[in-house]
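# Tertiary structure, described
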Amino acid sequence: MRIAINAALAGPTATGIGTYASSLARALPRVDGGAHHYDVFVGGLSDADDAATAEQRLHWHTVPRGGAAQRLLWENWRFGRAAAAAHAAVLHSTSSYLPWSARGASVMTVHDLAIYRYPAAFKPVNRTLGRWLFERSLRRAGALIAPSQATCRDLVELLGVDAGRIQVIPEATDALFQPVIDPTELARVRHLYHLDRPYVLSVGTAEPRKNLVRLLTAFAACQATLPVTHELVLVGGRGWLTGPLEAAARPLLAAGLLRVLGYVPQTDLPALYSGAAAFAYPSIYEGFGLPVLEALACGAPVLTSNRSSLPEVVGTAGLLVDPDASAAIAAGLCALVTDAALATNLRRRGLSRARQFSWEMAARATLAVYARVLSSPVRAHRTADPAVAGERSG
C-alpha cells in the first residue's frame, strides 16, 4: 500500500511541525514490517532525509519552496493531486490542512489550537484564513491525530469534535538529542556562538505565545541575585508581532546579558542544551512543546509552564511555573542556577522522562490510525454545532 505524507514544513531549517513530519516519516518503514511504501512531500531535504533514502520504501519528493501563500496553495490543493498521482491509499497531512481534492482515507495531525485559544497572537488575516481552511479540513478528515491530551481536549471543547475521531500520539526526539559530555564538542559550540559565561537557554520561534517578554523580565530580575553573571541565550527564527520583544530585549542586549542566536543547525542543539545551566520555556500555550523534550533528553534542568500540554511532556522532571507571573519565572530560574542538588535531580529525572517517548512508538500508533481509516473511511464530519463553528471562524 502507498501512503502520501504532506511534510511541506520539513527540511534543513525545519521547526517543530517540520521536525515531527520528517521524523515520523523516517520511523514508519522501521516498524511496518515491510508492508507499505511512503511518498513524502517535503519543503527540502535535510541530511537525515538524504540518509533515509537508503530505505527503498521511503520516497522523498521536494515541493516548491516559497512564502506562506504558496505553502497554503500546496497543502490545500496541490497535495491532493500529488497523492492521487502516487496512487496513495491514505493521505496524511502533518500540518492541520487537508487538500480540497482529498478523497478516500485521510488523516490530519492537529498540533494545537492556538489560533482559537490566543487569537491576538496572530495577524488578523492569518487568523481568519487559517480558521476557515482548518475547519473545512476538520470536516474532511477521516481521523485526527493530536500530540497531547491538551490538544485533544481543545478540539472537543472549542470545536465540538467527536473525541472518538482523535488519537493522541505524543511526539519524540531524534537520536542525536542526548547529553553531550565530550569537552571538545562543548567547547566548539561555545566558541562558535561566543558563549563565555554560564547561560540560560530558550529555544523556539520568536512569536507572542512563547512568552519571551516575560522571560526577559524574569531573567533580568533573577540576575541581580545570582553570584555569577549569566547570559540568556535565545535560539530560534524570527516570527511575527515581535515589536514588544525587541523593545524588551534592548536593555539586556546593551548590558551584555542577552544573546540572540537566531536559527541554529540541529546538529549544534544537543551541545547547547547540554551546556546550559537551565532551559527556560515559559510558553503561554503549546500543543506539545518539542524543545522541552529535547532539553530533557540532553540532560538540561527545565523550567516550563504549568498549562496546556507542557505538564504532560515534563511530568515531574521539571519546574512548572505560572507563565503569567514574571516573579514565579524569576524564582524558578534562580532556583535552577543556584541549587546544584535541584539541578542534578532534574537532570536525572529529565533523562528518564525523555526515554518514555520514541518515534517508533509514534509510528506504530500512526499505522494503526491508517488501518482504521482504511477499514472505515469517512468522507465528511460536522462539528457538534455547525452554526457555532461558523461564528468561531470569523
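Reference entry: report on the structure contained in this document. Everything numeric in this text was worked out from a predicted model, so none of it was measured. Along every chain, residues carry numbers that run from 1 in the direction the sequence is written. The predicted origin of the model limits local features to residues at a pLDDT of at least 70 and limits the giving and counting of side-chain atom pairs to 80 or more, whereas totals for whole chains, interfaces and linings rest on all residues. In computing side-chain properties, one takes all heavy atoms of the structure into account and sets aside hydrogens as well as water.

## Let's talk about the packing of helix α11 (residues 290-297) against helix α14 (residues 340-354)
Put simply, α11 and α14 touch, their axes get as near as 7 Å, and they point 115° apart. The interaxial crossing formed by α11 with α14 has left-handed handedness. Of α14, the residues touching α11 (which contributes Leu293, Leu296 and Ala297) are Gly350, Leu351, Arg353 and Ala354. For every element, the axis is a line fit to its C-alpha atoms; helices are fit only across the contacting stretch, and the angle between N-to-C directions ranges from 0 to 180 degrees. Note on conventions: DSSP H or I runs of at least 4 residues are helices, E runs of at least 2 residues are strands, and numbering of each starts at the N terminus. Note on convention: the crossing is left-handed when the near helix lies turned anticlockwise from the far helix by less than a right angle, right-handed when the turn is clockwise. Should any heavy atoms of two residues lie within 4.5 Å, those residues are counted as being in contact.

## Re the packing of aromatic side chains
What characterises a pair of aromatic rings is the spacing of the ring centres plus the angle enclosed by the ring planes. Stacked, tilted and edge-to-face pairs are distinguished by plane angle, under 30 degrees for stacked and over 60 for edge-to-face with tilted covering the rest, among Phe, Tyr and Trp rings (Trp via its six-membered ring) whose centres lie within 6.5 Å. Using the criterion set out here, one finds eight aromatic pairs in the structure. Relative to Trp359, the ring of Tyr20 lies with its centre 6.0 Å away and its plane at 55°, an arrangement referred to as tilted. Of this pair, Tyr20 sits in helix α1 (residues 16-31) while Trp359 sits in helix α15 (residues 359-375), and the two are 339 residues apart along the sequence. Accessibility assignment for this pair places Tyr20 and Trp359 in one class, buried. When the centroid spacing of 5.5 Å and the interplanar angle of 65° are considered together, the rings of Tyr273 and Phe279 count as edge-to-face. The structure contains a cluster of three or more aromatic residues connected by ring pairs, namely Phe177, Tyr273, Phe279 and Tyr281. Buried means the residue's accessible area, taken with a 1.4 Å probe over protein chains only, is under 20% of the maximum for its type, while exposed means over 50%, and partly exposed covers the values in between.

## Examining the state of the cysteines
By definition, disulfides here are pairs of cysteine sulfur atoms that lie within 2.5 Å. Counted under the stated rule, the structure contains one disulfide. The disulfide partner of Cys222 is Cys334, and the gap between their sulfur atoms is 2.5 Å. Of this pair, Cys222 sits in helix α8 (residues 212-223) while Cys334 is found in helix α13 (residues 326-338), placing the two residues 112 residues apart along the sequence. Taken individually, Cys222 and Cys334 each receive the classification buried, so the pair is uniform in this respect.

## Quick look at the environment of Tyr20
Accessibility expressed as a relative area gives 4% for Tyr20, which makes it buried. When sequence neighbours within four positions are dropped, the list of residues in contact with Tyr20 reads His92, Thr94, Thr109, His111, Ile145, Glu171 and Trp359. By the criterion applied in these results, polar contacts are pairs of N or O atoms within 3.5 Å in which, for protein atoms, one can donate a hydrogen and the other can accept it, and in which residues neighboring in sequence qualify only through two side-chain atoms. Only 2.8 Å separates the side chain of Tyr20 from the side chain of Thr109, close enough to count as a polar contact.

## A word on the sheet that holds strand β3 (residues 58-62)
The strands that make up a sheet pair up through hydrogen bonds in the backbone, lying either parallel or antiparallel. Taken together, seven strands build an open sheet; the order of strands is β3-β2-β1-β4-β5-β6-β7 and the sheet is parallel. Edge strands, defined here as strands with exactly one partner in the open sheet, are β3 and β7 (166-168). Adjacent strand axes in the sheet meet at a mean angle of 20° when their direction is disregarded. Helix-sheet contacts for α15 involve β1 (2-7), β2 (37-42), β4 (90-93), β5 (105-109), β6 (143-146) and β7, and the interaxial angle to β5 is about 145°. Only when DSSP finds a minimum of two bridges between them are two strands counted as paired.

## Focus: the layout of surface pockets
In this approach a probe as big as a water molecule rolls over the atoms, and the regions it shows empty are the leftover space. Whether a set of points on the 1 Å grid over the protein atoms alone is a cavity depends on a 1.4 Å probe fitting there but being unable to get out, while an open set qualifies as a pocket with protein on both sides within 12 Å along at least five of seven lines; lining residues are those with an atom within 4 Å of a point. Grid points are joined across faces, edges and corners, and a volume is the space filled by probe spheres set on the points. When its volume is computed, the second largest pocket comes out at roughly 310 Å³. Around the second largest pocket sit 17 residues that line it, and Thr173, Asp174, Ala175, Phe357 and Trp359 are the ones nearest its centre. Among the elements that line the lining of the second largest pocket, the one with the most residues is α1, at four residues. Put simply, Ala, Val, Leu, Ile, Met, Phe, Trp, Tyr, Cys and Pro go in the nonpolar bin, Asp, Glu, Lys and Arg in the charged bin, and everything else, Gly too, in the polar bin. Residue classes in the lining of the second largest pocket are distributed as nine nonpolar, three polar and five charged.

## Digging into the side chain of Arg131
In this structure, Arg131 sits in helix α5 (residues 124-140). Residues scored as positive are Lys and Arg, those scored as negative are Asp and Glu, and His as well as the terminal groups of each chain are ignored. By definition here, a salt bridge exists when the distance from a side-chain nitrogen of Lys or Arg to a carboxyl oxygen of Asp or Glu is within 4 Å. This buried residue, Arg131, is left without a salt bridge; Glu135 holds the nearest opposite charge, at 5.9 Å. Side-chain polar atoms of Arg131 contact the backbone oxygen of Ile115, separated by 3.1 Å.

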